[in-house]
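One letter stands for each residue in the lines below.
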Amino acid sequence: MQQKKITIFDTTLRDGEQTPGCQLMPEQKIKIAQKLEALGVDVIEAGFPISSAGDFEAVQAIAQQIQSTTVCALSRAIEEDIKVAAEALKFAKFPRIHTGIGTSPTHMKYKLKASPEQIIERAVAAVSFAKKQVEDVEFYAEDAGRSDTVFLAKVIEAVIKAGATTVNIPDTTGYCLPNEYGHKIAYLKQNVKGIDQVIISAHCHNDLGLATANAIEAIKNGAEQIECTINGIGERAGNTAMEEVVMIINQHESLPFYTNIDTTKFAAISRLVANQMNMPVQANKAIIGSNAFAHSSGIHQDGIIKHRETYEIINPSSVGVETSSIVLTARSGRAALAFRAKEIGMTIEGKELDLAYQKFLIAADQQKVIQQDDLYQLLKTI
């Protein structure tokens, strides 16, 4: 089966930075952007230039630094926004303007106070104006997840005709079920004139914990770009996590897709983003959480020691983690105790192991986790 390339559009520096408390200084943005380029990201959404002088400066600096990756700037469907975005991207080797407007009944009635006809008119005007600034124009239909699909198709067809090269179908509020979101993408693919001449993009939020599932469903139904962030950071509950969608694509041969991402750099860039944004990664976060390859149950530990794939579907080294962790707790078994003892140069077996294990359980009940120094002291007494 022929594999299709999925474009990875990273919005860590734009949507991710909208996480409360995660604002970055320009020099921090540049540092992360350089690592994203090395990671193999296809598009870096560097920021929203009109939002502040600092963000304009950051986007402009990233545009000057990045050589092989498309640099994208966000704007509303307002000429001044688009002008400022174009100015910030002036030195970019591969510039993209990302402009758009809300298309859901809720956005049209309460936020934009505009009729459907006015929305289409404003969308077309924004794309047409952006097209005069740069060749690569992405249009976003904000709150597409709650938009009427037939109306959404009309908007998308109009902006394609106006010159959009990518059409972004955001589940802005994280509302859609995977089958619903997939159906939206499939409907557009089947009913919009000119849709085969552009890239359909999936931008999913995680309000109901479905961002990753929705992004995968989107590419199964014809989307060719996933918008995501490192560690899944972003507005409210966050965005699709890059490390999750990329590893799902890599691990499932039934998915006929590939990306250009160097997954061995995931652990390092995850730490960088967490440190720069002062946003710790939860321990049980898929792929890059500290517990993602840690085992404390005796049954699991015994299996891992015998053959890693009994309880791990991902090789830790493939995402930049040195090795799996056998964590000694009161739930650990004799096999794990003997394994960890061997790591510190002490071989125990038979009755000696039984005795050590009984002492170990008493200590583990008191200390929760037995660290290497604790283990050494315990085994010295055997």
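Residues numbered from 1 in each chain as written. Predicted model: local features only at pLDDT ≥ 70, side-chain atom pairs only at ≥ 80, totals over all residues. Heavy atoms only, no water.

Looking at an unreviewed UniProt entry, the protein carries the name 2-isopropylmalate synthase, with the source organism given as Aureispira anguillae. Among the UniProt annotations of the protein, the heading Pathway (unreviewed entry) holds the following wording: "Amino-acid biosynthesis; L-leucine biosynthesis; L-leucine from 3-methyl-2-oxobutanoate: step 1/4." Listed under Sequence similarities (unreviewed entry) in UniProt, the entry text for the protein is "Belongs to the alpha-IPM synthase/homocitrate synthase family. LeuA type 1 subfamily." (UniProt positions renumbered as here; feature names shortened; annotations may be inferred.)

*Asks:* Pulling in residues and values, what's your account of the environment of Asn284?
*Replies:* Mapped onto the elements of the fold, Asn284 is located in the loop between α10 (266–277) and β11 (294–295). With 10 residues separating them in the primary sequence, Asn284 and Ala294 have C-alpha atoms 9.6 Å apart. (Helix = DSSP H or I, 4+ residues; strand = E, 2+ residues; numbered from the N terminus.)

*Asks:* Let's hear about the UniProt feature "domain: Pyruvate carboxyltransferase" (unreviewed entry) in the protein: which residues, and what values?
*Replies:* Mapped onto the present numbering, the UniProt feature "domain: Pyruvate carboxyltransferase" (unreviewed entry) falls on residues 6–267. Taken end to end, residues 6–267 is 43% helix and 19% strand, and its two terminal C-alpha atoms sit 21 Å from one another.

*Asks:* Report on the sheet that holds strand β3 (residues 43–47), specifying residues and quantitative values.
*Replies:* Taken in spatial order, the eight strands line up as β2-β3-β4-β5-β6-β7-β8-β9 and close into a barrel, and their pairing is parallel. If you compare each strand with its neighbour and ignore which way they point, the axes differ by 25° on average. As paired elements, strand β6 (residues 136–142) and strand β7 (residues 166–171) share three bridges and run parallel to each other. Directly across from Tyr140, in β7, lies its bridge partner Asn168. Each of β2 (7–10) and β3 is contacted by helix α1 (residues 26–39), which is oriented at about 170° to β3, the strand it contacts most. (Pairing = 2+ DSSP bridges. Axes fitted to C-alpha atoms, helices over the stretch in contact; angles between N-to-C directions. Contact = heavy atoms within 4.5 Å.)

*Asks:* Explain the pairing of strand β8 (residues 199–204) residue by residue, including any values.
*Replies:* Most of β8 is tucked away: five of the six residues are buried. When β8 meets strand β9 (residues 225–228), the two strands line up parallel, connected through three bridges. Residue pairing for β9: Ala202 is matched across the bridge by Ile226. On the question of chirality, the crossover connecting β8 to the parallel β9 by way of helix α8 (residues 211–220) is right-handed. (Buried < 20%, exposed > 50% of the residue type's maximum accessible area, 1.4 Å probe, protein only. Right-handed = clockwise from strand over helix to strand, strands pointing away.)

*Asks:* Before we move on, could you go through the packing of α8 against helix α9 (residues 242–251) and cite the residues and values that matter?
*Replies:* Any two packed helices are characterised by the angle at which their axes cross and by the distance between the axes. Running from N to C, α8 and α9 cross one another at 50°; their axes reach a closest spacing of 9 Å. One finds that α8 runs oblique with respect to α9. Considering the relative orientation of α8 and α9, their crossing is right-handed. Contacts between α8 and α9 involve Thr212, Ala215, Ile216 and Ile219 on the former and, on the latter, Glu244, Val245, Ile248 and Ile249. Taken together, the residues of the contact of α8 with α9 sort by class into six nonpolar, one polar and one charged. (Parallel < 35°, antiparallel > 145°, perpendicular 65-115°, else oblique. Left-handed = near helix turned anticlockwise from the far one by under 90°. Nonpolar A, V, L, I, M, F, W, Y, C, P; charged D, E, K, R; others polar.)

*Asks:* A description of helix α6 (residues 149–162) should follow, citing residues and the corresponding values.
*Replies:* Helix length check: α6, at 14 residues, gives a terminal C-alpha distance of 20 Å against a target of 20 Å (1.5 Å per residue), a fit within 8%. Of all 14 residues in α6, 10 are buried; the element is thus mostly enclosed. All buried positions along α6 are accounted for by Thr149, Phe151, Leu152, Ala153, Val155, Ile156, Ala158, Val159, Ile160 and Ala162. On its buried face, α6 is in contact with α4 (105–112), α5 (116–133), β6, β7 and α7 (178–191). Two or three places before Val150, at the start of α6, stands the capping residue Asp148, its side-chain oxygen 3.2 Å from that residue's backbone nitrogen. Backbone geometry just downstream of α6 places Gly163 in the positive-phi region, at approximately 120°. (Expected span 1.5 Å × (residues − 1). Polar contact = N/O pair within 3.5 Å; in protein donor to acceptor, adjacent residues only side chain to side chain.)

*Asks:* I'd like to hear about the pairing of strand β5 (residues 95–102), residue by residue, with values.
*Replies:* Regular strands place side chains that alternate from one sheet face to the opposite one. Most of β5 is tucked away: seven of the eight residues are buried. One ladder, built from six bridges, connects strand β4 (residues 70–76) with β5; its direction is parallel. Residue pairing across strands places Arg76 opposite Gly100, the latter belonging to β5.

*Asks:* Tell me about the packing of helix α3 (residues 79–88) against α5, residues and numbers included.
*Replies:* At a minimum axis separation of 10 Å, α3 and α5 run at an interaxial angle of 25°. For the element pair α3 / α5, the angle class is roughly parallel. Relative to α5, the crossing made by α3 is right-handed. For the pair α3 and α5, the contacting residues are Glu79, Ile82, Lys83 and Ala86 in the first and Ala126, Phe129, Ala130 and Gln133 in the second. Residues of the contact of α3 with α5, tallied by class, amount to five nonpolar, one polar and two charged.

*Asks:* Residue-level account of the confidence of the model for the protein, with values.
*Replies:* With 100% of its residues at a pLDDT of at least 70, the protein reaches an overall mean of 97. Ranking the elements of the protein by mean pLDDT puts helix α14 (residues 372–380) last with 92 and β9 first with 99. (pLDDT = per-residue confidence, 0-100.)

*Asks:* Before we move on, could you go through the pattern of salt bridges and cite the residues and values that matter?
*Replies:* Counting across every chain of the model gives 23 salt bridges. For Glu309, the salt bridge is made with Arg308, and the minimal N-O distance between the two is 3.7 Å. On the basis of relative accessible area, Glu309 is assigned to the exposed category, the value being 52%. Given a relative accessible area of 24%, Arg308 falls into the partly exposed group. What you see here is one network of salt bridges that share partners, running through Arg14, Asp15 and Glu45. (Salt bridge = Lys/Arg side-chain N within 4 Å of Asp/Glu carboxyl O.)

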